Amino acid sequence: MRERPYSQKTIVELGTLLEQSITDMGELARLSYEMQFRNTAKARALETRVKEAVANLTGHTVVETAGLAEMRTSPSFHTSRTMSRMSSNVQSVSSGQDDPSDGFLDLGPLPVFEHTGKKNAHQAILAAWTALEALSPQSYKRPEDMASGDRSRVALFQRGVPWRTGARSKPNTRLYFEVVLGAILLDKATEALVNVFGADEETSRPEGTRVAIGSILIDNDGFVLEQNGVAVSSFAWALRPALELKLGGLGVWPSIEQRICDRLEKIVRRRDPEGNPVPVDLELLNKAFRWLVVQFGIPEHLVEPPTFAVKIFHHFKAKNAPEPSLLNSFYLEDLTKAARLIADNGAGSGLLRYLGCSRPADKVDVLSPVARIEPVVAPALMPQARWPSSGGHPLVLLQQAAVNTARAELGGGAGIMGINGPPGTGKTTLLRDVVVSCVLDRVTAMAGFKDPQDAFSTTGEKQAFGSNSFLHFYRLHDSLKGHEIVVASSNNRAVENVSKELPLKEANGRHDEMAYFRTISDLIANSRQAGDPEADGDGNVEPVETWGLIAAALGNAKNRAAFQQAVDFH
């Protein structure tokens, strides 16, 4: 724990000390550190004076943000010149410990977004969407929220770190730990943002919730994993630019994220003089936390240090290492790519249609008059296959019209089509027929080969299998690719309604006539019974029966690991 040389001094005494050391960076660093522990109005005012003094010496400017004085570096958040000066001075008050300011990154100035003045401009839409995603973090109230509500998987740091203590894993699993590298108090951060941007009609506030600043994955021996070892939060980085009204530049996060993760890895991967890795301890965790806070310029009163780790039980046969919790929106990288494609005139028809860059040539109201719907339900457009629904019931008129239109407009290439309807009107039902049409396309392509072997070509690659044999790898013919479907949604339940229901026996009216890798789909649908220690449920639920492996719920790391385990090991 870093010492507080001025913990016993009053605010008046600290103010006098400031006046006497207005040009002493080391003294200013000590005063700035002490101000983190003072919360009165007089302390806040003195903190502002300290920051102004530091600004005068380092070339920063001080701006009022959410009622607080914060330093703004010009032209970038942290310049190497300024950080090297701060490092040499702060080092003298760190009681011999490594100072977190060592190794800061100069991330450069954020790009400036120039609004064209046009309403609903495409780049403006993407910039606004990016800002919303960057500032909409995954949050938690209690540590167990990071462990799906399971308190037994939370290890607090009150008695030290939980690894290297002989902790046991569950059967058939390896034990790992995900350490949350401190947190931002989301209610206070929201208040700061509201003070800058103003309140809206929403009255709720995220009381008591927190946002992880970053996380690292550690094995039971205390070493950071080689793969997926570190993760950082976009919210932690984006908060400072947002408070400075620099929302238009948040699209650079994907490129900044990699640089931050690379530097964080260097901090948490220590080696002794002989080059051997050194286990992670609390001192190192706090150093990594402090580095992130200062690198991102997060106001001190908004953060709290690392206090817990989450136990992860990973199947011992899994080929891939566990993954850190999802700290950020998975849209951010795609939004950055979309903005780049729009700027370079390289966007596809689907993206252009989605953003309104291109519009349908004609709008047709299929209900007025009803005759307008006749062309899209004509016999020539009817699919040659449909989902074997229970009872053999066909789609209703508008459902069939939607399926036919999707096939006619999107079957030959890229694009986008919207189907709107209230809950319970059969949107998921019609998607089953879209799935069947894709299966039919692949069957048709398969039927074009006189010999099944013609669908494969050699790659020349092979892998040793045993002492005297090899597994040879083949390339699938292009005509058999591209028939897959990804069901994506911001609502997990909506995705599961499709991907989990399709393989169910009850969803197939002719399940007694067909089977497609049924034993594997049964294992996936009953992961708890199959031995997955992290599967939902208590293990006493009635087993689910399936007819075939036509779909699976993937998405998060747990689902993908369960799928891989069932397919690879059974």
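Okay, so let's go over this structure. Model, not experiment: these values are computed from the prediction.

This brings us to the environment of Arg-30. Along the chain, the position of Arg-30 falls in helix α2 (residues 25-35). When the C-alpha positions of Arg-30 and Arg-4 are compared, they lie 8.1 Å apart, and in sequence the two are 26 residues distant.

Our focus in this paragraph is unusual backbone geometry. With a phi close to 55°, Ser-148 is a non-glycine residue in the positive phi region. Along the chain, Ser-148 turns up in the loop between β3 (139-140) and β4 (154-156). Note on Ser-148: relative accessible area 65%, which makes it exposed. Non-glycine residue Asn-345 carries a positive phi angle of around 60°. Turning to its location among the elements, Asn-345 is positioned in the loop between α10 (332-343) and α11 (349-354). In this structure Asn-345 comes out as exposed when scored by relative accessible area, which is 73%.

The next thing to look at is the sheet that holds strand β12 (residues 303-304). Backbone-to-backbone hydrogen bonds join strands into a sheet, with any given pair of strands oriented parallel or antiparallel. Pairing is antiparallel in the open sheet, where 4 strands are placed in the order β3-β7-β6-β12. Only two strands of the sheet have a single neighbouring strand rather than two, namely β3 and β12.

So, on to the packing of helix α12 (residues 397-410) against helix α13 (residues 427-447). At a minimum axis distance of 9 Å, the contact between α12 and α13 shows a crossing angle of 35°. Pair α12 / α13 crosses with right-handed handedness. Along its contact with α12, which presents Gln-399, Ala-402, Val-403 and Arg-407, the element α13 presents Thr-429, Leu-430, Asp-433, Val-434, Ser-437, Cys-438 and Asp-441. Looking at the contact of α12 with α13 residue by residue, the classes come out as 5 nonpolar, 3 polar and 3 charged.

Attention shifts here to the nonpolar core. In terms of nonpolar packing, the biggest core is built from 54 residues, with Ile-184 and Ile-298 touching the most fellow members. Sorting elements by how many residues they give to this core places helix α9 (residues 282-296) first, with 8 residues. Discounting chain neighbours no more than four positions away, the residues touching Ile-298 are Ile-184, Ile-213, Ala-236, Leu-239, Val-293 and Val-303. Membership of the second largest hydrophobic core comes to 12 residues, among which are Leu-18, Leu-31, Met-35 and Val-54.

To continue, consider the pattern of salt bridges. What the rule picks out here adds up to 18 salt bridges. The shortest N-O distance in the salt bridge between Glu-265 and Arg-269 comes to 2.7 Å. For Glu-265, a relative accessible area of 23% translates into the label partly exposed. Residues Lys-505 and Glu-545 are paired through a salt bridge, measuring 3.4 Å at the closest nitrogen-oxygen approach. Here Lys-505, found in the loop between α14 (492-499) and α15 (518-525), pairs with Glu-545, found in the loop between α15 and α16 (557-569); they are 40 residues apart in sequence, far enough to count as distant. With a relative accessible area of 24%, Lys-505 lands in the partly exposed category. If you follow the salt bridges from partner to partner, you end up with Arg-142, Glu-144, Asp-145 and Arg-151 in one network.

Calculation rules
- Residues numbered from 1 in each chain as written.
- Predicted model: local features only at pLDDT ≥ 70, side-chain atom pairs only at ≥ 80, totals over all residues.
- Heavy atoms only, no water.
- Helix = DSSP H or I, 4+ residues; strand = E, 2+ residues; numbered from the N terminus.
- Buried < 20%, exposed > 50% of the residue type's maximum accessible area, 1.4 Å probe, protein only.
- Pairing = 2+ DSSP bridges.
- Axes fitted to C-alpha atoms, helices over the stretch in contact; angles between N-to-C directions.
- Left-handed = near helix turned anticlockwise from the far one by under 90°.
- Contact = heavy atoms within 4.5 Å.
- Nonpolar A, V, L, I, M, F, W, Y, C, P; charged D, E, K, R; others polar.
- Core = buried A, V, L, I, M, F, W, Y, C linked by side-chain atoms within 4.5 Å.
- Salt bridge = Lys/Arg side-chain N within 4 Å of Asp/Glu carboxyl O.

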